[in-house]
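# A closer look at the structure
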Amino acid sequence: MNLGLSGRTVLITGAASGIGAETARVFAAEGARLGLLDIDGDQLADAAKELASTTEVVTATVDLATAQGVAEGVGAVLESFEGMVDVLVNNVGQCRARSFDELTDADWQQTFEINFLSAVRAARLLLPGMRERGQGCVVTNASDMARQPEVGPADYQVAKVALISLTKSLALSEGPAIRVNAVAPGPVWTPLWIRPGGFAETLGEFHGRDAKAAVEFEMSKRQLPLGRMGEPVEVSNVIAFLASDAASYVTGSVWGVDGGSIRGLL
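## What to know about the packing of helix H1 (residues 18-29) against helix H9 (residues 232-243)
- Viewed as axis vectors pointing N to C, H1 and H9 meet at an angle of 55 degrees, and their least axial separation amounts to 8 Å. Between H1 and H9, the crossing angle belongs to the class labelled oblique. In this structure, H1 crosses over H9, and the sense of that crossing is right-handed. Counted together, Gly18, Ile19, Glu22, Thr23, Val26 and Phe27 of H1 and Pro232, Val233, Val235, Ser236, Asn237, Ile239, Ala240 and Ala243 of H9 form the full contact between these two elements.
- Looking at the contact of H1 with H9 residue by residue, the classes come out as nine nonpolar, four polar and one charged.

## So, the nonpolar core
- Counting 31 residues, the largest nonpolar core has Val10, Ile12, Phe27, Leu34, Leu36 and Ile239 as the members making the most contacts within it.
- Elements with a minimum of two residues in this core: strand S1 (9-13), H1, strand S2 (33-38), helix H2 (41-51), strand S4 (87-90), strand S5 (136-141) and H9.
- In terms of residue count, the dominant contributor to this core is H9 (six residues).
- For valine 10, the contacting residues outside a window of four places in its chain are Phe27, Ala32, Arg33, Leu34, Gly35, Val87 and Val89.
- Ranked by size, the runner-up nonpolar core spans 24 residues in total, among them Val70, Ala122, Leu170 and Val180.

## Quick look at unusual backbone geometry
- At the junction of glycine 175 and proline 176, the peptide bond is cis and its omega measures out at 5 degrees in the coordinates.
- Here proline 176 lies in the loop between helix H5 (154-174) and strand S6 (178-185).
- Its identity as a non-glycine residue notwithstanding, glutamate 82 has a phi of 55 degrees, on the positive side.
- Residue position: glutamate 82 is located in the loop between helix H3 (67-80) and S4.
- Owing to a relative accessible area of 60%, glutamate 82 belongs among the exposed residues under this scheme.

Definitions and limits used
- Residues numbered from 1 in each chain as written.
- Predicted model: local features only at pLDDT ≥ 70, side-chain atom pairs only at ≥ 80, totals over all residues.
- Heavy atoms only, no water.
- Axes fitted to C-alpha atoms, helices over the stretch in contact; angles between N-to-C directions.
- Helix = DSSP H or I, 4+ residues; strand = E, 2+ residues; numbered from the N terminus.
- Parallel < 35°, antiparallel > 145°, perpendicular 65-115°, else oblique.
- Left-handed = near helix turned anticlockwise from the far one by under 90°.
- Contact = heavy atoms within 4.5 Å.
- Nonpolar A, V, L, I, M, F, W, Y, C, P; charged D, E, K, R; others polar.
- Core = buried A, V, L, I, M, F, W, Y, C linked by side-chain atoms within 4.5 Å.
- Buried < 20%, exposed > 50% of the residue type's maximum accessible area, 1.4 Å probe, protein only.

Here it is as C-alpha cells:
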C-alpha cells in the first residue's frame, strides 16, 4: 500500500507483539515515525531493532494499566518527536476467560484500567496537540465481542463496549479536524491468546479442556464464514487505512475485521 503516511508520527500502545507489533511494521513500511509503548521491554527492544533500519523509532517500557505509565510513555514519545503525534493507535489489551461469578471488583477494575482507561489517558494527553495543529487521527482496537457478546468474558466485553462508545463520543467532539475510529477484530492468533496465562489457557480452564481443544470448541461456536482465526496483519492493514487520508471521510466508525462473526444487519 501507499497511503501517504510518510513522515507522520504514530504512537502505538501495546506495541511489543501481536497486532501492535504488526501495526508498527505496516506503518514503518509506509514511512511513518514510530513511538512504541509496552510493558514488555525485551520484546519492545526486539521490535525497535527490527524497525530501526526502516524508520525512526522511539520506545518506552511502561505499565499502561496505570496513569503514571501512560503519562511517562506518551511524554517520552512527545519529547523525542518535537511534541507532535499525528496518529494514536490504542491497542493495548488483556483478556482472561472467567465466569461472571468469578469476577471480583478488583478484576473488573484491573480489566478497565488496561483495556479502557489506557485509551482514555492516552487520548487526553495527545488530543490537545492535535487540536492545536488542526489535524490528527485516533484508531482504537476494540473487539467483535463488543457488538456481539458471548457468555464471557463479561469484563473484557464490557470494557470493549466502552471503547466503542468513547470512539463515537470523541468523533463528535473532535471533528472536523480530528478523525476517531475503531477496529473490531474477531479471533486473531496473537499472544493475547497463546501466552502463558493468556486467553487460550484460561479458556481451557473455563471449559475443562486443554488450551487447543478449548480454542477449537470456541471457534466452532462462532461459525465464522471464513472458517479460521485471523492474522495480526489483517487487522493492522485496516488500522493503517483508517489513519490515512484514504479514509478522509471516515470517522465515528467501527470496522469489523472479524471473519464474518457479526451476523446483524447493522
